[in-house]
Amino acid sequence: MEYPFQEGENYDLIRKNFFQFVAERSADNITWFASEFKKQHGDKYSFGVYYGYPMEHSASLKRMLFSGHLGIQKVLNEAPLDIISCPASYSLRRLNLSHAYMNPVDSALLHGIMPILENDIRNYATKFFGDSSGTTVFSLRDSQLTSSKLNLLAAAHGTVVRYYAIIEGMDFFAPLPMIKSIAQENRLLMKLKPAPLGMKDQVAMVIDTMSWASCASPAFNDQITRKISELRDTLMRTGCSVAFITIDDWEKNAERWENVVIPLPGVLSQSRKEFLEKTFEKLPTLKLNDVFMVLRKGEKTLV
């Protein structure tokens, strides 16, 4: 289990089984806790969790595997959640990038769960304090633009933003200019409608996170899996609407999307590949560490 992973007889299979167990146990724990909470307090309170960050964690192969977040589809299928939350992507939160959810936001919506995007990005009021992504916003104008980008991202998916001033003793969203800016923007956002799932030319980024346990192999490294995190930004830069969903949820709604991008197609199970061929006809020959596959209106491209 030591990283970087070593070759050995059945080592890849042993590691795959172990990391699938970690993911399934994490998902089972969340499901149990959510069920017990709903039994006791479900008539009074909503229940939510912060979970499901494999796209974000992919920037570090070790973190992606050990964190337990690969079990997100199992949680969405089984846990009685009202809410699921995540911080705005650490790796994509600078102004020149797109910002992104860490979890598959649109799968949550398909399950009737409300996603919340957390804005905890330090702003001009904390210019001497970078967050764990190294991001610090130095001016009021850039602070307003940062909040605006997160708000518009949430509005596009029909979700909401939580403002979380994470530094103890300092609410960096409390300065009057920020309050006025947020209030003004909220009035505008109330008039917007989210992009419908499956709208014309929408791209579906389809993730099979449990299969990513197969990345516990010398064939993979951070440079390969990091492309999953970066792919969120690349797709949003196309100018198309982008849906982020798990492969289970895509299979149940495959007719909605003509444009599909699948990270790490080489680790998909045989049954997944057969479903894809039923939907898009014969696939190209897949290698274990292919980065992603694009299926678009009959065209198939491997990267």
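The structure under discussion appears in the preceding block.
Residues numbered from 1 in each chain as written. Predicted model: local features only at pLDDT ≥ 70, side-chain atom pairs only at ≥ 80, totals over all residues. Heavy atoms only, no water.

*Asks:* Teacher, can you tell me more about the environment of His111 here?
*Replies:* Among the structural elements, His111 can be located in the loop between helix H5 (105–110) and strand E3 (114–119). What makes His111 partly exposed here is its relative accessible area of 27%. Residues His111 and Asn77, 34 residues apart in the sequence, show an inter-C-alpha distance of 7.7 Å. Each residue touching His111, except ones within four places of it in the same chain, is listed here: Gln73, Leu76, Asn77 and Asp249. Within polar-contact distance, the side chain of His111 engages the side chain of Asp249 at 2.8 Å. (Helix = DSSP H or I, 4+ residues; strand = E, 2+ residues; numbered from the N terminus. Buried < 20%, exposed > 50% of the residue type's maximum accessible area, 1.4 Å probe, protein only. Contact = heavy atoms within 4.5 Å. Polar contact = N/O pair within 3.5 Å; in protein donor to acceptor, adjacent residues only side chain to side chain.)

*Asks:* Is there a simple way to think about the side chain of Glu185 in this case?
*Replies:* By the element assignment, Glu185 lies in helix H7 (residues 176–189). Arg141 provides the closest opposite charge to the buried, unpaired Glu185, separated from it by 7.8 Å. Contact partners of Glu185, with chain neighbours within four places excluded, come to Ser147, Ser148 and Asn151. (Lys, Arg positive; Asp, Glu negative; His and termini not counted. Salt bridge = Lys/Arg side-chain N within 4 Å of Asp/Glu carboxyl O.)

*Asks:* What am I meant to see in H7 here?
*Replies:* Each α-helix winds once per 3.6 residues, and so residues spaced three or four apart point in a common direction. Look at H7: 20 Å from first C-alpha to last across 14 residues, which is about the 20 Å you get at 1.5 Å a residue. Each element contacted by the buried residues of H7 is listed here: helix H6 (140–157) and strand E4 (160–163). (Expected span 1.5 Å × (residues − 1).)

*Asks:* I keep staring at empty space enclosed by the protein and nothing clicks. Help me out?
*Replies:* Empty pockets left among the atoms are what a rolling probe the size of a water molecule brings to light. All told, the structure shown has one cavity of 30 Å³ or more when counted by the stated rule. Quantified by volume, the largest cavity comes out at close to 30 Å³. The residue makeup of the lining of the largest cavity, split by class, is three nonpolar, five polar and one charged. (1 Å grid on protein atoms, 1.4 Å probe; cavity = no way out; pocket = protein on both sides within 12 Å on 5 of 7 lines; lining within 4 Å. Points joined across faces, edges and corners; volume = space filled by probe spheres on them. Nonpolar A, V, L, I, M, F, W, Y, C, P; charged D, E, K, R; others polar.)

*Asks:* I would appreciate a short explanation of the nonpolar core in the present structure.
*Replies:* Generally speaking, nonpolar side chains in soluble globular proteins are found buried as a group. Grouped together as the largest cluster of nonpolar side chains are 45 residues, with contacts concentrated most on Leu65, Met205, Trp212 and Leu264. Of all the secondary-structure elements, those providing two or more residues to this core are helix H1 (11–41), helix H3 (61–66), H6, strand E5 (203–207), helix H8 (222–236) and strand E6 (242–246). Looking at this core, the element that brings in the most residues is H8, giving five residues. Those residues in contact with Leu65, other than ones at most four positions away along the chain, are Phe5, Phe19, Val22, Leu70, Trp212, Ala213, Cys215 and Ala216. (Core = buried A, V, L, I, M, F, W, Y, C linked by side-chain atoms within 4.5 Å.)

*Asks:* For this particular structure, what's the right way to read the packing of H6 against H7?
*Replies:* A packed helix pair is summarised by two numbers, namely the angle formed by the two axes and the spacing between the axes. In contact at an axis separation of 11 Å, H6 and H7 are set at 30 degrees when each is read in the N-to-C sense. In terms of orientation, H6 and H7 fall into the roughly parallel class. Handedness of the H6/H7 crossing: right-handed. Side by side, H6 and H7 meet where Leu140, Ser143, Gln144, Ser147, Ser148, Asn151, Leu152 and Ala155 of the first sit next to Pro177, Met178, Ser181, Glu185 and Leu189 of the second. (Axes fitted to C-alpha atoms, helices over the stretch in contact; angles between N-to-C directions. Parallel < 35°, antiparallel > 145°, perpendicular 65-115°, else oblique. Left-handed = near helix turned anticlockwise from the far one by under 90°.)

*Asks:* Any chance you could explain the pattern of salt bridges here in plain terms?
*Replies:* Two side chains carrying opposite charge are able to pair once their charged atoms lie near each other. Using the criterion set out here, one finds 14 salt bridges in the structure. Residues Arg93 and Asp120 are paired through a salt bridge, measuring 2.9 Å at the closest nitrogen-oxygen approach. Remark: Asp120 occurs in the loop between E3 and H6 and Arg93 occurs in the loop between strand E2 (83–87) and H5; sequence separation between them is 27 residues. Look at Asp120 and you get buried, because its relative accessible area is 2%. With a shortest N-O distance of 3.1 Å, Lys287 and Asp290 are connected by a salt bridge. Among the charged side chains, a salt-bridge network with shared partners connects Asp208, Asp248, Glu251 and Arg272.

*Asks:* Help me understand the sheet that holds E2, please; the structure alone is not making it clear to me.
*Replies:* Two modes of strand pairing occur in sheets, parallel and antiparallel, and in both the strands are linked by backbone hydrogen bonds. Spatially, four strands are ordered E1-E2-E3-E4 in an open sheet, and the strand pairing comes out parallel. Two strands in the sheet have a free side with no partner beyond their single neighbour: strand E1 (48–50) and E4. Strand-to-strand, the axes of this sheet are offset by a mean angle of 30 degrees, without reference to chain direction. Pairing of E2 with E3 involves five bridges; the strand directions are parallel. Residue pairing across strands places Ile84 opposite Pro115, the latter belonging to E3. In this fold H6 packs onto E3 and E4, with an angle of close to 145 degrees to the strand it touches most, E4. (Pairing = 2+ DSSP bridges.)

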